[in-house]
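Spelled out, the chains give:
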Amino acid sequence: MTDDSPVNLTEKEYSIIDMLQSLGLPRTEATAIVCLKDCRELRSLHIELVSGLRQPEVSVAMRPLRDRGWVDERSEKKNKGKGRPVKYYQLTVPFPQIVQVLEDEFLKGNTEKIIALRRLRELEIVFQN
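Residues numbered from 1 in each chain as written. Predicted model: local features only at pLDDT ≥ 70, side-chain atom pairs only at ≥ 80, totals over all residues. Heavy atoms only, no water.

As annotated in an unreviewed UniProt entry, the protein carries the name Transcriptional regulator and is attributed to Methanosarcina baikalica.

Quick look at the structure:
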């Protein structure tokens, strides 16, 4: 755990989670990003405690975030050597860059829909004649 670790999510952070979800991110991924956005590195357990996510939800949320290159994971063996290693996560890109990627994806998706709507209108005119 780092010194800049959050203790509780604020109302502002819950709003950010809601906005990320409205852009298509699953709740668990949005929550994980918000937990990590202002920290150097957090233990999985700390993310669970702050966010209310369960351990499997944290693990599942991190997989697509790692695949996108947004999160790095490292494991550290426990002092006594028994049990599962402790997992640490950190964002590998700044939060504004994540927002930019989501914006680009949103605009691309909507541009394709606008083009499809225009083509439908054109086809309708062609078939009416």
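Alright, that's what it looks like, and here's the rest.
### Points about the nonpolar core
If you look at the biggest cluster of nonpolar residues, it comprises 28 residues, and the most contacted ones within it are Leu-20, Ile-33, Leu-36, Ile-47, Met-62, Trp-70 and Val-71. At the level of secondary structure, the elements contributing two or more residues to this core comprise α1 (11–22), α2 (27–36), α3 (44–51), α4 (55–67), β3 (86–91) and α5 (95–128). Per element, the largest residue contribution to this core is six residues, and it comes from α2. Aside from chain neighbours lying at most four places away, what touches Met-62 is Ala-32, Leu-36, Ile-47, Val-71 and Tyr-89. (Core = buried A, V, L, I, M, F, W, Y, C linked by side-chain atoms within 4.5 Å. Buried < 20%, exposed > 50% of the residue type's maximum accessible area, 1.4 Å probe, protein only. Helix = DSSP H or I, 4+ residues; strand = E, 2+ residues; numbered from the N terminus. Contact = heavy atoms within 4.5 Å.)

### Points about the pattern of salt bridges
For side chains bearing opposite charge, pairing can occur when the charged atoms are close. All chains considered together, the criterion is met by nine salt bridges. Put simply, Glu-57 and Arg-54 hold a salt bridge, and the shortest N to O gap is 3.7 Å. Its relative accessible area of 53% is what places Arg-54 among the exposed residues. Between Lys-87 and Glu-73 there is a salt bridge, and its shortest N-O distance comes to 3.3 Å. In this pair, Lys-87 sits in strand β3 while Glu-73 sits in strand β2 (residues 71–76), placing the two residues 14 residues apart along the sequence. Residue Glu-73 is classed as partly exposed on the basis of its relative accessible area of 24%. (Salt bridge = Lys/Arg side-chain N within 4 Å of Asp/Glu carboxyl O.)

### Side note on the sheet that holds strand β1 (residues 42–43)
Judged by pairing direction, the sheet is antiparallel, and its three strands sit side by side in the order β1-β3-β2 without closing on themselves. Where the open sheet ends on each side, the last strands, each with one partner, are β1 and β2. Of the strand pairs in this sheet, β2 and β3 are connected by six bridges, and their pairing is antiparallel. If you follow Glu-76 over to β3, its bridge partner there is Val-86. (Pairing = 2+ DSSP bridges.)

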